[in-house]
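One letter stands for each residue in the lines below.
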Amino acid sequence: MSDPSVQQQQARPAVPVLHEERLDEVLGAAPERGRGRYRPHRVGMVWRSKVFRAGAVIVALALCWLVILALVREQTGPEGFLVGLGLAVLPVPLLMAAFRWLDRVEPGPWRNLLFSFAWGACAAALVAIIANSFATRWIATATADPASADTLGATVIAPVVEESAKAAAVLLIFLFRRREFSGVVDGVVVAGFTATGFAFTENILYLGNAFGEDQQLGSSGFASVTAGTFFVRIVMSPFAHPLFTVLTGLGFGFAAVSARRHRARRIALPLLGLLLAMGLHALWNGSSSFGPYGFYAVYGIVMVPAFGLVTWLAIWSRQRELRTLAAELPAYAAAGWLTPAEPSALSSMRARGMARDLARHWQPDRTRGRAAARAVAEYESFATSLAGLRRRARHGAVGPDFGARERELLHHLWQRREIAAPALTHAALLTAHPGAHHGRPLPTPYGTGYGPGHTPGYGQTHGHTPGYGHTQGPTPGYAPGAYPPPQPYGGALHSHRRPPS
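In this text, all values refer to a predicted model and were calculated from it rather than measured experimentally. (Residues numbered from 1 in each chain as written. Predicted model: local features only at pLDDT ≥ 70, side-chain atom pairs only at ≥ 80, totals over all residues. Heavy atoms only, no water.)

**Examining the overall build of the protein chain**
Here is the rule we go by: Here a strand is any run of E in DSSP of at least two residues, a helix any run of H or I of at least four, and the numbering for each starts at the N terminus. Relative accessibility thresholds used throughout: buried, under 20% of the residue-type maximum; exposed, over 50%; partly exposed, between the two (1.4 Å probe, protein chains only). Residues are treated as being in contact if the distance between any of their heavy atoms lies within 4.5 Å. Accessibility throughout is a Shrake-Rupley quantity obtained with a 1.4 Å probe, and a residue counts as covered only by protein chains that appear here.
Secondary structure assignment for the protein chain yields 15 helices and 0 strands. Across the 501 residues that make up the protein chain, the buried fraction comes to 48%. Of the contacts made within the protein chain by residues no fewer than 6 positions apart, 77% connect residues no fewer than 24 positions apart. Total accessible area computed for the protein chain in this model is approximately 24900 Å², and 64% of it derives from carbon and sulfur atoms.

This is the structure:
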């Protein structure tokens, strides 16, 4: 009988690394399952602690929310506040689900999205309430014309203040979470969550004031001010604020994929997006001053087409991420990091979902099934990040840490390979031949356990037939060094030593 460790070592494909002499050190540094990236401990002042900074952000946003609650409740009253809160929350889950669906190819961490929503609902809303009120009062005092002051404040002051306050959240994530902000989709999603939070707080104020006005007038039903406000803000235009801020997010997203040598473009694109957001916001706010049908004209001629165009662009960017997987990952498959079928499976949302389901159902119990599905989902996310990183490197949009980031992502893939690779390979087969297993039970390549050390699974068989990745010589059609990474970012795919078992 052969030694199992020798058999496992032969079953694995050749694993190229950047520096051959550091192979054991690099492969031994793989992080624990489920962790997104390495998190080295920093020793220094207390304000350098991530826990301290996160706590400070949470406390600051909570204080902003408390101040907003006091201001809104003072304007609307307790009953108006509760009515406004109950009605304003209705579109929030739908908008969040839509943006999260858009982010399914490479899901961003929830902490970024929750921060964006909280920033829009708390910090940006507080800045807008204070700045807009102060500016409107100052204009009314200077001109002695409160009516024109309200119009000027809504069409000039409010768009500048509100869009700048919301753009601050996108800028913060762009600067301090740069690894997690890699393209157009990330910009759209972050901006969308920020604007959704802002619209939520603003709708509480508008709907609460409308309810208070109805109480004073004694009106109710469909003819009430509350019903009209609800129809305009919640039914007709729940996408208004997200549409404005998404233009800013598009600017940051295009800047993220621009070459680092184009510094002027990387600065000009976010500013252009912000200016477009302000202009569209000003046109929307000023539509009521264009006559009795001005609002409907702007809504039908400008807002709806703009919403359709931005939606198309966001979905196109999502599909482009999938095409990037199909274009960039075959190089890693040829080098032995992936099986030949994985790039096609990873570039199909249907195959990715099927792979998670297969991994879940192949396990003997529900707990291991959830863990296996989570491992496949993480594998898919890391593979997407790897393909995007390689594409940005081709366009000169990566920094000097490309090699370290590439190795880090490859190690995350290798750590989950035994669970994810068979599921993705099988999903690629099923999506290519939909009726291949109709009516027959699916094979279980994992054996009876989750992970290594149970029964022969991926890459191991009971007989002498090689498993996935097992080669008795050079892979047909593949010559060592035939798929080097694009210059100038190194030779991560040149070495062909096998990893230790």
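**Observations regarding the nonpolar core**
The cut-off we apply is this: Throughout, nonpolar core names a set of buried Ala, Val, Leu, Ile, Met, Phe, Trp, Tyr and Cys residues whose side chains join them through atoms within 4.5 Å.
Among the nonpolar cores identified, the biggest contains 53 residues, and V188, W284 and M303 are the most heavily contacted of them. Looking at which element gives the most residues to this core, the answer is helix α5 (residues 110–143), with 11 residues. Setting aside chain neighbours within four positions, we find M303 in contact with F239, A240, L243, F244, L280, W284 and V298. Within the second largest apolar cluster, 41 residues are counted, among which are M349, A359, A427 and A428.

**Observations concerning the pattern of salt bridges**
Defined as follows: By convention in these notes, a salt bridge is any Lys or Arg side-chain nitrogen within 4 Å of a carboxyl oxygen on Asp or Glu.
In this structure the tally under the stated criterion is 14 salt bridges. For R416, the salt bridge goes to E378, with nearest N and O atoms at 2.7 Å. With R416 in helix α15 (residues 402–432) and E378 in helix α14 (residues 366–394), this pair connects stretches of sequence that are 38 residues apart. E378 sits in the buried class, given a relative accessible area of 15%. Three or more residues are tied together by salt bridges with common partners; here these are R111, R177 and E180.

**Thoughts on helix α8 (residues 225–236)**
Quick note on the threshold: Expected helix span is computed as 1.5 Å times (number of residues minus one).
Taking 1.5 Å as the rise per residue, α8 with 12 residues should run 16 Å; its terminal C-alpha atoms sit 15 Å apart, in good agreement. T226, T229, R233, I234 and M236 are the residues of α8 that are buried. Of the surrounding secondary structure, the elements contacted by the buried residues of α8 are α3 (50–88), α4 (91–102), α7 (184–217) and α11 (294–335).

**A look at a nonpolar patch on the surface**
For the record, the criterion: Note on patches: the residues involved have over 30% relative accessible area and no salt bridge, like charges join within 9 Å, and the nonpolar side chains Val, Leu, Ile, Met, Phe, Trp and Tyr join within 5 Å.
Taken together, V59, L63 and L66 make up a surface patch of nonpolar side chains, about 290 Å² in accessible area. Here V59 is to be found in helix α3. Overall, the relative accessible area of 48% leaves V59 in the partly exposed class.

**A short note on the packing of helix α13 (residues 349–361) against α15**
Selection criterion: Each axis is a line fitted through C-alpha atoms, and for a helix only the stretch in contact is used; angles between axes span 0 to 180 degrees, taken between their N-to-C directions. Here is the rule for angles: anything less than 35 degrees is roughly parallel, anything more than 145 is roughly antiparallel, 65 through 115 is roughly perpendicular, and the remaining ranges are oblique. Helix crossings fall into two classes, left-handed where the near helix is turned counterclockwise from the far one by less than a right angle and right-handed where it is turned clockwise.
Between α13 and α15, the shortest axis-to-axis distance is 8 Å and the interhelical angle comes to 125 degrees. Put simply, α13 runs oblique to α15. Handedness of the crossing formed by α13 with α15: right-handed. Where α13 approaches α15, its residues R350, A351, M354, A355, L358 and A359 are matched on the opposing element by A423, L424, H426, A427, L430 and T431.

**Examining the side chain of T384**
Using the following cut-off: Any pair of nitrogen or oxygen atoms within 3.5 Å is treated as a polar contact; in protein, a donor-acceptor pairing is required on top of that, and neighbouring residues in sequence qualify only through side-chain atoms on both sides.
Topologically, T384 is positioned in helix α14. Exposure remark for T384: the relative accessible area of 3% places this residue in the buried category. Within the structure, the side chain of T384 is placed 3.3 Å from the side chain of R352, a separation counted as a polar contact. When neighbours within four sequence positions are excluded, T384 is seen to be in contact with V105, E106, L325 and R352.

**Digging into α7**
Its 34 residues place the ends of α7 48 Å apart at the C-alpha level, agreeing with the 50 Å of an ideal helix rising 1.5 Å per residue. Most of α7 sits out of view: 27 of its 34 residues are buried. Looking at the residues trailing α7, positive phi occurs at G218, about 75 degrees.

**A closer look at the packing of α3 against α5**
This is how the line gets drawn: Three classes are used, and their members are as follows: Ala, Val, Leu, Ile, Met, Phe, Trp, Tyr, Cys and Pro are nonpolar, Asp, Glu, Lys and Arg are charged, and the others, Gly among them, are polar.
Closest axis-to-axis distance for the α3/α5 pair is 9 Å, and the angle between their directions is 50 degrees. By the criterion of interaxial angle, the relationship of α3 to α5 is oblique. Considering the relative orientation of α3 and α5, their crossing is left-handed. Here V57, L61, C64, W65, V67, I68 and L71 of α3 lie close against α5, whose contacting residues are F115, A118, W119, A121, C122, A123, A125, L126 and I129. Across the contact of α3 with α5, the residue classes break down as 16 nonpolar, no polar and no charged.

**Considering the packing of aromatic side chains**
How we decide: Between the rings of Phe, Tyr and Trp (Trp by its six-membered ring), a pair exists once the centres lie within 6.5 Å; its type follows the angle of the planes, with under 30 degrees stacked, over 60 edge-to-face, and the other angles tilted. By the criterion adopted, a ring carries a charge over it if an Arg CZ or a Lys NZ lies within 6 Å of its centre and within 35 degrees of its normal.
Under the definition given, this model contains 15 aromatic pairs. Between F174 and F181, the aromatic rings sit 5.3 Å apart at their centres with planes inclined by 85 degrees, giving edge-to-face as the arrangement. Each member of the pair, F174 as well as F181, is classed as buried. Here the aromatic residues F239, W284, F295, Y296, Y299 and F307 are joined through ring pairs into a cluster of three or more. Directly above the aromatic system of Y206 lies the positively charged group of R233, at a separation of 4.2 Å from the ring centroid. The ring of W101 has R318 lying over it, and the distance from NZ or CZ to the ring centre is 4.1 Å.

**Description of the state of the cysteines**
Quick reminder of the rule: Sulfur atoms of two cysteines make up a disulfide when they are within 2.5 Å.
Counting across every chain of the model gives 0 disulfides. Summary of cysteine pairing: C64 is not part of a disulfide, and the nearest cysteine sulfur, belonging to C122, is at 6.6 Å. For C122, a relative accessible area of 8% puts it in the buried group.

**Side note on the confidence of the model for the protein chain**
The condition that has to hold: Per-residue confidence from the prediction method is given by pLDDT, with values spanning 0 to 100.
In this model, the protein chain carries an average pLDDT of 78, and 76% of its residues clear a pLDDT of 70 or more. Note that pLDDT drops below 50 for residues 14–36; the model gives that stretch 55 contacts with residues more than four away or on any other chain.

**Concerning the environment of L410**
Here L410 lies in helix α15. The exposure class of L410 is buried, given its relative accessible area of 3%. Along the backbone, L410 and Y332 are 78 residues apart, and their C-alpha atoms lie at a distance of 9.3 Å. Not counting residues within four places of it along the chain, the set of residues in contact with L410 comprises Y332, W337 and L386.

**Thoughts on the environment of M303**
One can find M303 in helix α11. A residue is classified by how much of its surface remains accessible, and M303, at 0% relative accessible area, is buried. Sequence spacing of M303 and L280 is 23 residues, and the spatial spacing of their C-alpha atoms is 8.4 Å.

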